[in-house]
Amino acid sequence: MSKLVTIFGGSGFVGRYIARRLAKQGWRVRVAVRRPNEAMHVKPYGVPGQVEPVLCNIRDDASVAAVMNGADAVVNCVGILAEAGKNSFDAVQAEGAGRVARIAADQGVSQMVHLSAIGADAESDSDYARTKAEGEANVLATFPAAVILRPSIIFGAEDDFFNRFAGMMGPVLPLVGGNTKFQPVYVDDVAQAAVQAVEGNVASGIYELGGPDVDSMKGLMATMLTEIRRRKLVVNLPFFAGAMMGWGFDLVKALSFGLIKGPITKDQVKLLRNDNVVGAEAKGFADLGITPVAMEAVLPDYLWRFRPSGQYLAIKESAKNLRHG
């Protein structure tokens, strides 16, 4: 019988790529999510019955144990960028990660992969970065052989980074942390690293994953604008202004009971104060034998829809070069 893997958050941006790759490798894939009826898009990744969404609440021991029953490997992709209700940073990224690792160890799971993030720091002012570090510590405390992956900002067709900024209307593109450096990594490269770890081809430890390009936030926006053939004034806002905006948006969200969400939170502003690149001494793609894909090879495949003429722009640009006799 083929091996079974449980992927927590397996229908999300990164999780779906991991699920697809593992299904192609012949694994049975159990996708553990809060809303299985919204995760049906993962079922076609394999033959009927090979990839199945199942209900799970990562905040509950019994729920986590149930979806992990009989699994040979576990991947935890659950993470949040903003808190909502009971899904706080502490509950999801620190306690939730520790719960998955502890139960995996109790059930004798062979391999565990935990998705964290570059910038995870127990001393950080950012609750996101702090709880990411606490989650890593909780994982290693009960499952020391786990593989922890720390990607920089992740891009791909379903991303919430380039898609989000490309879809912003108006002639001005305001930024907070315009000089902060990032090392964007392609989502399928992260998935490839996770699959290698699941299959036991990776030594335990922490790996920082970044693509071949390092650029500032402002530089990344320039790349994006060039790709979508649009001109906008990119304005780099000072951090104090960003903090005030984040505080205001957080207040509106609280007063609306989460119905109104702003473009940035106070915690995200704190994150943007620090560069998000692979450390000089960190293990990374080279140690995994993976050559990361450059942005220029992927961005045109999904940002074309933001161009003035969409998929027809390339035809129009080619037509301009025609010489009429």
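This structure is a prediction, so every number in the text was calculated from the model and none was measured.

Peer 1: Would you explain the packing of helix H1 (residues 13–24) against helix H6 (residues 187–198) in this entry?
Peer 2: Helix-helix packing is described using two parameters, namely the angle between the two axes and the distance between the axes. Relative to each other, H1 and H6 sit at 55°, their axes nearing to 8 Å. In this view, H1 runs oblique relative to H6, as classed from their interaxial angle. Crossing geometry of H1 relative to H6 is assigned as right-handed. Across the interface between the two elements, Phe 13, Val 14, Tyr 17, Ile 18, Arg 21 and Leu 22 from H1 touch Val 187, Asp 188, Val 190, Ala 191, Gln 192, Ala 194, Val 195 and Val 198 from H6. Looking at the contact of H1 with H6, its residues break down into eleven nonpolar, one polar and two charged.

Peer 1: What is the right way to look at the nonpolar core in this model?
Peer 2: The tendency in soluble globular proteins is for nonpolar side chains to be buried as a group. Among the nonpolar cores identified, the biggest contains 65 residues, and Ile 18, Val 29, Phe 162, Met 221 and Met 224 are the most heavily contacted of them. Sort the elements by how many residues they give to this core and H6 lands first, with eight residues. What Phe 162 contacts, discounting residues up to four positions off in sequence, is Phe 155, Leu 220, Met 221, Met 224, Met 295, Leu 299, Tyr 302 and Leu 303. Within the second largest apolar cluster, 20 residues are counted, among which are Val 67, Ala 101, Ala 104 and Val 139.

Peer 1: Can you walk me through the sheet that holds strand S6 (residues 147–151) in this structure?
Peer 2: Across a sheet, paired strands are connected by hydrogen bonds in the backbone, their directions being either parallel or antiparallel. Read from one edge of the open sheet, seven strands run S3-S2-S1-S4-S5-S6-S11, paired in parallel fashion. The open sheet has two edge strands with one neighbour each: strand S3 (51–55) and strand S11 (205–209). The average angle at which neighbouring strand axes cross in this sheet is 20°, direction not considered. Sheet topology note: the strand S5 (residues 111–115)/S6 ladder contains three bridges and is parallel. By the bridge assignment, His 114 is partnered in S6 with Ile 148. Against the sheet, helix H4 (residues 127–142) makes contact with S5, S6 and S11, and its axis sits at roughly 170° relative to S5, the strand it touches most.

Peer 1: Looking at this structure, how should I read the side chain of Ser 216?
Peer 2: By secondary structure assignment, the location of Ser 216 is in strand S12 (residues 215–216). Assessed through its relative accessible area of 15%, Ser 216 is described here as buried. One polar contact links the side chain of Ser 216 to the main-chain amide nitrogen of Gly 219, over a distance of 3.0 Å. Non-local contacts of Ser 216, meaning those with residues more than four positions away in its chain, are made with Gly 178, Asn 179, Thr 180 and Lys 181.

Criteria and cut-off values
Residues numbered from 1 in each chain as written. Predicted model: local features only at pLDDT ≥ 70, side-chain atom pairs only at ≥ 80, totals over all residues. Heavy atoms only, no water. Axes fitted to C-alpha atoms, helices over the stretch in contact; angles between N-to-C directions. Helix = DSSP H or I, 4+ residues; strand = E, 2+ residues; numbered from the N terminus. Parallel < 35°, antiparallel > 145°, perpendicular 65-115°, else oblique. Left-handed = near helix turned anticlockwise from the far one by under 90°. Contact = heavy atoms within 4.5 Å. Nonpolar A, V, L, I, M, F, W, Y, C, P; charged D, E, K, R; others polar. Core = buried A, V, L, I, M, F, W, Y, C linked by side-chain atoms within 4.5 Å. Buried < 20%, exposed > 50% of the residue type's maximum accessible area, 1.4 Å probe, protein only. Pairing = 2+ DSSP bridges. Polar contact = N/O pair within 3.5 Å; in protein donor to acceptor, adjacent residues only side chain to side chain.

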